[in-house]
Amino acid sequence: MKKQTKTFLAGMLAAATTLGGLIGLAPGAQAADVACKNYSSSTSSCVNTQIVIDGESHSADWYLPQAGASALMVLNHGFSRGCGNLRGTSKAIAEKGVMVLCVNGDMTAGNPELADALGDLMTRRALTPPNGKTLPQRYIVGGHSAGGHFASELGARIDANGYSNFAGAILFDPVASGGFTANLQAISKGATRPVLAVTARPSVTNLFNNSAEALVGLASNYVGIQLVWAKYSLGAPSGGSCHIDVEGENTDVIGVLGAGCSANATQTARLRDFGSAWAKDLATGTRTAAYYCNDANVVSTCGSKVKSLVDLSLPLAAPIR
């Protein structure tokens, strides 16, 4: 299959990221599974390995719950980023009992070719988790920034392949490319599958929330929240949300320069709280009411976690609507 053409800018940024240790080793350079650096959890482990997708070897991180996993969530990084940048968020999800996979790769325009090839592997159940873990039957797709578009492509492919245990999508400030709306509609399947998102304030980096139209256009009455401020002091807001809040303590100078802002610890904690709770719900087929609204336009229908951020004279967040 013909490989996606990379732009000069994408190549330069990917090279810089590789030098920074974010993208991982070159294909084939790492044969053995190794523990992820600086990972500590009492209920999960992180293993870096190689996965061959469409004939090309990719460095990949697996987050493995100690107990049996309720689902596999593919959670992919953004443009010029790497799986290590999502370590804390992946850990939060894995500690809810959900196995997480992140594949290092070029995320330019969501890399639909890689997404399709991975979706086919998943549909055929041709992935083998490390450490003798069993591949869960239930799948969730997710991603940050351009990785959010990758997730939309992956989910649409899994849906097109007719995989029956596909649970839905969780996106973190996604940046849409062509076909994003149709992809989300395929994943949602008439609001029978959840599509949920945590977004940041409009910025150049998220193309001024260019994913919003697709999200609010879904048939669902609730698709998540947009974080705005961390707090107010004497009526003055501070701690505004940032495109890289999902990276939190795992970001770096490239991320900060690219986003034009730094991750805010309060916003990162909120994002991980919502994202991991949603992931557990999608994995287990449950609905923790505190994290949802029955109608995003009516605050009184929202659960306590949502209300604590939006039901204020000076809101800290807003339902996506």
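Below: a short report on this structure. The model shown is predicted, which means the values in this text are computed figures rather than measured ones.

Rules behind the numbers
Residues numbered from 1 in each chain as written. Predicted model: local features only at pLDDT ≥ 70, side-chain atom pairs only at ≥ 80, totals over all residues. Heavy atoms only, no water. Helix = DSSP H or I, 4+ residues; strand = E, 2+ residues; numbered from the N terminus. Rg over C-alpha atoms; globule rule 2.2 N^0.38 Å. Contact = heavy atoms within 4.5 Å. Areas by Shrake-Rupley, 256 points an atom, 1.4 Å probe, with all protein chains shown as cover. Lys, Arg positive; Asp, Glu negative; His and termini not counted. Charge placed at Lys NZ, Arg CZ, Asp CG, Glu CD. Pairing = 2+ DSSP bridges. Axes fitted to C-alpha atoms, helices over the stretch in contact; angles between N-to-C directions. Parallel < 35°, antiparallel > 145°, perpendicular 65-115°, else oblique. Left-handed = near helix turned anticlockwise from the far one by under 90°. Nonpolar A, V, L, I, M, F, W, Y, C, P; charged D, E, K, R; others polar. Polar contact = N/O pair within 3.5 Å; in protein donor to acceptor, adjacent residues only side chain to side chain. Core = buried A, V, L, I, M, F, W, Y, C linked by side-chain atoms within 4.5 Å. Buried < 20%, exposed > 50% of the residue type's maximum accessible area, 1.4 Å probe, protein only. Salt bridge = Lys/Arg side-chain N within 4 Å of Asp/Glu carboxyl O.

**A closer look at the overall build of the protein chain**
Logical step 1: Of the regular secondary structure elements, the protein chain holds 9 helices and 12 strands.
Logical step 2: Computed over the C-alpha atoms, the radius of gyration of the protein chain is 18 Å, within 12% of the 20 Å expected from 2.2 N^0.38 for a compact globule of 321 residues.
Logical step 3: Reported as C-alpha extents along the three principal axes, the dimensions of the protein chain are approximately 55 × 40 × 40 Å.
Logical step 4: At a minimum sequence separation of 6, the contacts of the protein chain that also span at least 24 residues come to 71%.
Logical step 5: Element-wise, carbon and sulfur atoms account for 56% of the exposed surface of the protein chain, whose accessible area totals about 13,000 Å².
Logical step 6: Considering the protein chain, the positive charge centre built from 24 side chains and the negative charge centre built from 21 side chains are found 5 Å apart.

**Thoughts on the sheet that holds strand 7 (residues 166-172)**
Logical step 1: Spatial ordering of the open sheet is given by 1-2-3-5-4-6-7-8-9-12, a layout of 10 strands whose pairing is mixed. This sheet does not close on itself; its edge strands, each paired only once, are strand 1 (34-35) and strand 12 (317-319).
Logical step 2: Relative to strand 2 (residues 44-53), helix 3 (residues 112-123) is tilted by about 110°, and along the sheet it contacts strand 2, strand 3 (56-65), strand 4 (72-76), strand 5 (99-103) and strand 6 (139-144).
Logical step 3: Helix-sheet contacts for helix 8 (residues 265-284) involve strand 4, strand 6, strand 7, strand 8 (195-199) and strand 9 (224-227), and the interaxial angle to strand 7 is about 175°.

**What to know about the packing of helix 2 (residues 87-94) against helix 8**
Two quantities define a packed helix pair, namely the angle between the helix axes and the distance between the axes.
Logical step 1: Interaxial distance between helix 2 and helix 8 falls to 8 Å at its minimum, and their mutual angle equals 40°. The angle between the axes of helix 2 and helix 8 places the two elements in the oblique class. Crossing geometry of helix 2 relative to helix 8 is assigned as right-handed. Judged by residue contacts, Gly88, Thr89, Ala92 and Ile93 of helix 2 engage Leu271, Arg272, Gly275, Ser276 and Ala279 from helix 8.
Logical step 2: Of the residues contributing to the contact of helix 2 with helix 8, the split by class is 4 nonpolar, 4 polar and 1 charged.

**Let's talk about the side chain of Asp173**
Logical step 1: Along the chain, Asp173 falls in the loop between strand 7 and helix 5 (180-188).
Logical step 2: At 3.2 Å, the side chain of Asp173 and the side chain of Asn206 are in polar contact.

**Some details on the nonpolar core**
Logical step 1: One finds Leu72, Leu101, Leu118, Met122, Leu127, Leu154 and Leu184 to be the most contacted residues of the largest nonpolar core, which totals 42 residues.
Logical step 2: Here the element with the most residues in this core is helix 3; it accounts for 6 residues.
Logical step 3: Beyond its immediate stretch of four places on either side in the chain, Met122 contacts Leu72, Val74, Leu127, Tyr139, Leu154, Ile158 and Tyr163.
Logical step 4: Residues Ala71, Ala167, Leu271 and Ala296 belong to the second largest nonpolar core, which totals 40 residues.

**Regarding the pattern of salt bridges**
Logical step 1: If you walk through the whole model with that rule in mind, you get 8 salt bridges.
Logical step 2: Ionic pairing is found between Glu247 and Arg81, a salt bridge with its closest N-O pair at 2.9 Å. Of this pair, Glu247 sits in the loop between strand 11 (236-238) and helix 7 (253-259) while Arg81 is found in the loop between strand 4 and helix 2, placing the two residues 166 residues apart along the sequence. Arg81 matches Glu247 in its accessibility class, with the two residues each being buried.
Logical step 3: Salt bridges here are not isolated pairs; linked through shared partners, they connect Arg81, Glu247 and Asp252.

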